[in-house]
Amino acid sequence: MGFVDLHVHSTASDGSCPPEAVISLAVQAGLDAIALTDHDTVDGIPAAQDAADAAGIRLIPGIEVSSIYHGTEIHILGLFVTPSDPALGSMLEDFRRIRDDRNRQLLSSLEKDGMPLTRAQLTGSNPDTVITRAHVARAMVEAGYASSLDQAYKRYLRYGGKYCPRKASPAPEAVVSALLSGGAFVSLAHPYQYNLGDGGIRTLATQMKEMGMQGLEVYHSSHNQHESGKLQVLAKELGLLPTGGSDFHGANKPDISIGTGRGGLRVSSLLLDDIDRLRAGR
């Protein structure tokens, strides 16, 4: 039995490693497969696929999409996405416009308070990256506006705060529909990060199952063993397949390693086998 990591980020969004480097790290970790799931973009998939083909490791083309559920931002994973799918492309174009509008407001507010940041400071080595709060936090630390990433998030980049207005993200129904249109396998990412409680997670997962969602991220770096156990039971009760991944971001989340998370995470390749069987209709 081998191991996989179905939740990984690159410089195409808010990771610190280019897609090719992510593949190299996955090979070094001895993984059978990884899913590249950058935030609201599939731009890193072609380079990752070329590197994966050369290295002999399986790449699952994926994405992590932002959505709003009763005022709370949630994240929805799409595995086996079709990057060229028109519905997905239209949604991502809307996302880029919404994110750009939010970023302009954020940067304008920071500049008014004496903390200007240039695009070059934000994008670093990848000028085409999707700029997220992680980029802003890193740039603020490097410019001396914050002493640490943690301070940047808590003092300046809190959602809904003075500097960081919430994005006008689509409802879960729209996200799930767009992902399914291209044949993706849909899973709710890290359910315990939304502070909904066990009952709230059950309600959300049940509603998304009715929308067509097929999976639930049971194993994640932010879940303890007890939480993963409860999610495993919930997934079985709802007829959802468990998924799992580290949520690797490289140096932007330095305590999380690819394949092992914060040290104890191991996601069996048997989970991917179950997804493959579902997709094959067996």
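Since the model is a prediction, treat every value here as computed from it, not as a measurement.

*Asks:* Looking at this model, I keep getting lost on the overall build of the protein. Mind explaining?
*Replies:* Within the protein, the regular secondary structure consists of ten helices and eight strands. The C-alpha atoms of the protein give 18 Å as radius of gyration, which agrees with the globular expectation for 282 residues (19 Å, within 12%). In terms of its C-alpha atoms, the protein occupies a principal-axis envelope of roughly 60 × 40 × 40 Å. Burial analysis of the protein (282 residues in total) assigns 52% to the buried set. Taking contacts inside the protein between residues at least 6 apart in sequence as the whole, the part at least 24 apart equals 72%. A total of about 12100 Å² of accessible surface is found on the protein, and carbon and sulfur atoms cover 51% of it. Across the protein, 26 positive and 32 negative side-chain charges occur, with their mean positions spaced 5 Å apart.

*Asks:* Honestly, the sheet that holds strand β8 (residues 267-268) in this entry has me stumped. Any pointers?
*Replies:* Adjacent strands of a sheet pair through backbone hydrogen bonds, lying either parallel or antiparallel. What the eight strands build is an open sheet, ordered β7-β6-β5-β4-β3-β2-β1-β8; its pairing is mixed. What marks the edges here is a single partner per strand, and that holds for β7 (241-245) and β8. In the sheet, strand β5 (residues 185-188) pairs with strand β6 (residues 215-220) via two bridges, with the strands oriented parallel. Counted as the bridge partner of L188 is L216 from β6.

*Asks:* Which parts of the structure should I look at to understand the packing of aromatic side chains?
*Replies:* Remark: the centre distance and the inter-plane angle together describe each pair of aromatic rings, the angle taken between the planes. Under the definition given, this model contains one aromatic pair. Above the ring of F3, the side-chain terminus of R266 is found at 4.0 Å from the ring centroid. Between the NZ or CZ atom of R279 and the centre of the ring of F80, over which it lies, the distance is 4.0 Å.

*Asks:* Whenever I open this one, the domain arrangement of the protein confuses me. Can you help?
*Replies:* When the parts of a complex come together, some accessible area is lost, and that lost area is often taken as the interface size. What the domain assignment reports for the protein is domain 1 (3-84 + 171-281) and domain 2 (93-156). Here the C-alpha centroids of domain 1 and domain 2 sit 25 Å apart. At the interface, eleven residues of domain 1 touch eleven residues of domain 2. Buried area between domain 1 and domain 2, summed over both chains or domains, comes out near 840 Å², and the portion from carbon and sulfur atoms is 53%. Our count for the domain 1 to domain 2 interface comes out at two salt bridges. Between R99 and D40 there is a salt bridge whose closest N-O contact spans 2.3 Å.

*Asks:* How do you make sense of the pattern of salt bridges when you look at a structure like this?
*Replies:* If the charged atoms of two oppositely charged side chains come close together, the side chains can form a pair. Summed over the entire model, instances satisfying the criterion amount to 13 salt bridges. With a closest N to O distance of 3.6 Å, K253 and D247 form a salt bridge. K253 sits in the partly exposed class, given a relative accessible area of 30%. For the salt bridge of R262 with D255, the shortest nitrogen-to-oxygen distance reads 2.6 Å. D255 sits in the partly exposed class, given a relative accessible area of 41%.

*Asks:* Would you mind showing me how to read the pairing of β5 here?
*Replies:* One face of the sheet, then the other: side chains in a regular strand alternate in exactly this way. The side-chain alternation of β5 yields two buried faces, one formed by F185 and S187 and the other by V186 and L188. In this region the chain leaves β5, passes through helix α8 (residues 197-211) and returns to the parallel neighbour β6; the handedness of that crossover is right-handed.

*Asks:* Explain the pairing of β6 here, please?
*Replies:* The buried count for β6 comes to six of six residues, which makes it a mostly enclosed element. Bridge count between β6 and β7: five bridges; the pairing is parallel. Directly across from L216, in β7, lies its bridge partner P242. What joins β6 to β7 is helix α9 (residues 225-238), and the crossover it makes is right-handed.

*Asks:* Mind showing me how you'd approach the environment of L196 here?
*Replies:* With respect to the helices, strands and loops of the structure, L196 is situated in the loop between β5 and α8. Apart from the residues within four sequence positions on either side, L196 is in contact with Y69, I201 and L204.

*Asks:* Help me out: how do you make sense of α8 in this one?
*Replies:* Each full turn of the α-helix corresponds to 3.6 residues, which orients residues three or four apart in the same direction. For α8, spanning 15 residues, the distance from its first C-alpha to its last is 21 Å, which sits close to the expected 21 Å at 1.5 Å a residue. When α8 is considered as a whole, its buried residues turn out to be I201, L204, A205 and M208. One side of α8 carries all its buried residues, which in axial view fall inside an arc of 95°. For α8, the elements touching its buried residues are β3 (58-69), β4 (72-79), α7 (172-181), β5, β6 and α9. One or two residues past the end of α8 sits G212, with phi positive at roughly 120°.

*Asks:* What am I meant to see in the UniProt feature "domain: Polymerase/histidinol phosphatase N-terminal" (unreviewed entry) in the protein here?
*Replies:* Under the present numbering, the feature "domain: Polymerase/histidinol phosphatase N-terminal" (unreviewed entry) in UniProt falls on residues 4-69. Between the C-alpha atoms that bound residues 4-69 the distance is 29 Å, and the span itself is 32% helix and 32% strand.

Reading the values: the criteria
Residues numbered from 1 in each chain as written. Predicted model: local features only at pLDDT ≥ 70, side-chain atom pairs only at ≥ 80, totals over all residues. Heavy atoms only, no water. Helix = DSSP H or I, 4+ residues; strand = E, 2+ residues; numbered from the N terminus. Rg over C-alpha atoms; globule rule 2.2 N^0.38 Å. Buried < 20%, exposed > 50% of the residue type's maximum accessible area, 1.4 Å probe, protein only. Contact = heavy atoms within 4.5 Å. Areas by Shrake-Rupley, 256 points an atom, 1.4 Å probe, with all protein chains shown as cover. Lys, Arg positive; Asp, Glu negative; His and termini not counted. Charge placed at Lys NZ, Arg CZ, Asp CG, Glu CD. Pairing = 2+ DSSP bridges. Phe/Tyr/Trp six-rings, centres within 6.5 Å; stacked < 30°, edge-to-face > 60°. Lys NZ or Arg CZ within 6 Å of the ring centre and 35° of its normal. Domains from an automatic or database assignment. Buried area = accessible area lost by both parts, 1.4 Å probe. Salt bridge = Lys/Arg side-chain N within 4 Å of Asp/Glu carboxyl O. Right-handed = clockwise from strand over helix to strand, strands pointing away. Expected span 1.5 Å × (residues − 1). Arc of directions from axis to C-beta. UniProt positions renumbered as here; feature names shortened; annotations may be inferred.

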